[in-house]
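# Structure assessment
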Amino acid sequence: MLGQVFRRELLLAWRRPGDTLLPLTFFVIVGSLFPLGVGAEPQLLRSIGPGAVWIAAVLATLLGLPRLFAADQHSGALEQLLLSPAPLAALVAVKVLAQWLTGGLPLALAAPLLALGFGLDFADLGVLLAGLLLGTPLLNLLGAISAALTLGLRGGGALLGLLVLPLYVPVLIFGSGAVQAAALGFGAGANLSLLAAMLVLALVFAPWATAAALRISLD
Amino acid sequence: MSEFLAMGGYGAYVWPSYALAALVLGLNAWLPWRRHRRLLRARQARNEP
Amino acid sequence: MFGPTLDRLAAPKFFYPFAGRLLPWLGTLAAALLLLGAGWGLALAPADYQQGDSYRIMFIHVPAAWLSMLTYMVMAGGAFVFLVWRMKLADMLAKCCAPLGAAFTALTLITGSLWGKPMWGTWWAWDARLTSELVLLFLYLGLIALRGAIDEPQRAGRATALLALVGVVNIPIIHFSVEWWNTLHQPASLTRMDGPAIHPAMLTPLLLMIAGFTVYFAAVLLQRLRCEILERERDARWLVELDAP
């Protein structure tokens, strides 16, 4: 059952490359807005680089959150999932995993390229990548809760964003902080460990909370 | 008295703070009170005819 | 010992008159505490060695901050009770808390800004407390927005309850992360008015104001709950009987 859902998610994403490419393009565009907005002075860009890339990643993830449940809700597949014998939390986890593989992971891999535009050097790029590899699944997991709560509501993306951005604040702080700490010579270990710890907690709790939210939204 | 109002030169910050607090507390007390009266009146109006 | 009494109170039918009897006392007490505390804080307490008279904003800012957190805790408690035991009154409690909490948080932020301008020279400083307070405001606004966006009352109550509980887990994490972030970017430069060195002559009015704000919160909450009960239970028999004795 879980394997079926997983394969189906990947198949759907494969058939609709826009679902992957659109947030990715958005990511690059938003990232590019920063130099346009604050000026291209190299020192300045190097200092805002980590934050800018992370913010762009957060916003790009936000863009993709509604599609986690929206298509299934329209087709009625979501109600089916609620009735299936497999635990709902596990099904949610599988859907989020699929969404990360087709959304968050490409984002993380593309980030170092964007970061080059800010003049970050290679060591920092590595920390950025590591942070995003830990952070993007976190963003997807936490975002799923908000997507489930706001299923089918008017106000759509803005409401979803308002609800989930406070959850994203710590992720942003530690992710961006890791790169900044590394750049200052303090080492990224502490920040990355905190991200990892949050990821573990989210893996345990977020699918369960999302499942509860789905039941609330669909009953 | 004018010393009191001046608040050591910080009057422009202190008094608006207290005024805002009075406004916030006052509104949050008055609005439910008004709503309650209206709800009671609406009940009466419905029971009358 | 309190079991049966609390159970009875949980029914809107008993809670409504109970709250009505309690209200005048709470309201008077709150007014007395607030007037006394504010008067003392403005006129009697001595000027601060470092901050002069501007510190008197503390007598508003600190109680407001305290209440902004307390309100969230009360709201989260109501949310939990509603999700687990489906007690309607608990949902009403959570609903009434959100706008109050937002008001206290906004008051905290604005007075913090007014206090900060003469002290730090800017209208806003991204220190740990103010930034966490700002995120708290977003949490409250999110709750209000979510409830407003859902038409079915059952779903609205349960969704906001879940969101409130998610927020409870989130708040300490946010606070920790913002403190962490703050130590990276800005060394502690604020004088801590609520440190152990607070002058006793300043402490009394502060405690009076905190107590006053808290009693005020209870009073206003009860009144809001009464309104909520009138609206939700409008066709209930006990209410109809109340109208025509």
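Residues numbered from 1 in each chain as written. Chains lettered and ligands numbered in written order. Predicted model: local features only at pLDDT ≥ 70, side-chain atom pairs only at ≥ 80, totals over all residues.

## Considerations on the overall build of chain B
A tally of helices and strands in chain B yields two helices and zero strands. Looking at chain B residue by residue over its 49 residues, the buried ones come to 16%. (Helix = DSSP H or I, 4+ residues; strand = E, 2+ residues; numbered from the N terminus. Buried ≥ 20, exposed ≤ 12 C-beta atoms within 10 Å, placed from the backbone.)

## Brief notes about the overall build of chain A
On a plain count of helices and strands, chain A comes out with nine helices and zero strands. The globule rule puts the C-alpha radius of gyration for 219 residues at 17 Å, and the 18 Å found for chain A is close to it. Along the three orthogonal principal directions, the C-alpha set of chain A runs to about 55 × 30 × 30 Å. Across the 219 residues of chain A, 47% fall into the buried class. For chain A, restricting intrachain contacts to residue pairs at least 6 apart in sequence, the fraction spanning at least 24 positions comes to 79%. (Rg over C-alpha atoms; globule rule 2.2 N^0.38 Å. Contact = placed C-beta atoms within 7 Å.)

## Some thoughts on helix α2 (residues 11–47) of chain B
Its 37 residues give α2(B) an end-to-end C-alpha distance of 53 Å, which sits within 8% of 54 Å, the value for a rise of 1.5 Å per residue. Within α2(B) the residues assigned to the buried category are Y13(B), V14(B), S17(B), A21(B), L25(B), N28(B) and P32(B). Where α2(B) is buried, its residues contact α3 (58–85), α4 (88–120) and α7 (200–232) of chain C. (Expected span 1.5 Å × (residues − 1).)

## Here we look at the interface of chain A and chain C
Taken together, the contact pairs 22 residues of chain A with 22 residues of chain C. Every element with two or more residues in the side of chain A that touches chain C is listed here: α7 (122–149), α8 (156–184) and α9 (189–218) of chain A. Of the residues forming the side of chain A that touches chain C, the biggest block, 12 residues, is contributed by α8(A). Taken together, the residues of the side of chain A that touches chain C sort by class into 17 nonpolar, four polar and one charged. (Nonpolar A, V, L, I, M, F, W, Y, C, P; charged D, E, K, R; others polar.)

## Some points on the interface of chain B and chain C
Listed per partner, the contact involves 22 residues of chain B and 28 residues of chain C. Take the side of chain B that touches chain C: its biggest share by element is 18 residues, from α2(B).

## Looking at the arrangement of the chains
Summarising the chain contacts, two pairs of chains touch, and the pair with the most contacts is chains B and C. Across the gap from chain A to chain B, with no contact made, the nearest C-alpha atoms are 24 Å apart.

## A word on the nonpolar core
What tends to happen in soluble globular proteins is that the nonpolar side chains get buried as a cluster. Counting 151 residues, the largest nonpolar core has A57(A), A111(A), L142(A) and L162(C) as the members making the most contacts within it. In this structure L142(A) touches V164(A), L167(A), Y168(A), A202(A) and A206(A), once residues within four positions along its chain are discounted. (Core = buried A, V, L, I, M, F, W, Y, C linked by C-beta atoms within 7 Å.)

## Describing the packing of α8(A) against α9(A)
All names here are of chain A. Following both chains from N to C, one finds α8 and α9 inclined at 155°, their axes separated by 8 Å at the closest point. Judged on the interaxial angle alone, α9 and α8 are roughly antiparallel. Handedness of the α8/α9 crossing: left-handed. Here P170, V171, F174, G175, G177, A178 and A181 of α8 lie close against α9, whose contacting residues are N191, L192, L194, L195 and M198. (Axes fitted to C-alpha atoms, helices over the stretch in contact; angles between N-to-C directions. Parallel < 35°, antiparallel > 145°, perpendicular 65-115°, else oblique. Left-handed = near helix turned anticlockwise from the far one by under 90°.)

## Section: unusual backbone geometry
If you check the backbone angles, R86(C) has positive phi at about 60° while not being a glycine. Topologically, R86(C) is positioned in the loop between α3 and α4.

## Side note on the confidence of the model for chain B
Looking at chain B as a whole, the pLDDT averages 87, with 98% of positions reaching at least 70. On the interface metric, ipTM, the complex scores 0.91, and its pTM is 0.91. (pLDDT = per-residue confidence, 0-100.)

## Some details on the environment of V179(A)
All names here are of chain A. Along the chain, V179 turns up in helix α8. Each C-alpha atom of the pair V179 and P50 lies 6.3 Å from the other, and the pair is 129 residues apart in sequence. Sequence-distant contacts of V179, that is, excluding residues within four places in its chain, are made with P50, D124, V127, L128, G131 and A188.

## Here we look at the packing of helix α6 (residues 88–116) of chain A against α9(A)
Residue and element names in this part refer to chain A. One way to put it is that α6 packs onto α9 with a least axis distance of 8 Å and a crossing angle of 110°. Taken together, α6 and α9 sit at an angle that is classed as roughly perpendicular. Across the interface between the two elements, L88, A89, V92, A93 and V96 of α6 pack against P207, W208, T210, A211 and L214 of α9. Looking at the contact of α6 with α9 residue by residue, the class counts come to nine nonpolar, one polar and no charged.

## Re the environment of L89(C)
Residue and element names in this part refer to chain C. Examined against the element boundaries, L89 turns out to sit in helix α4. Given 21 C-beta atoms within a 10 Å radius, L89 is considered buried. A C-alpha to C-alpha distance of 6.3 Å links L89 and A10, two positions 79 residues apart in sequence. Excluding residues within four positions of it along the chain, L89 makes contact with A10, P12 and F15.

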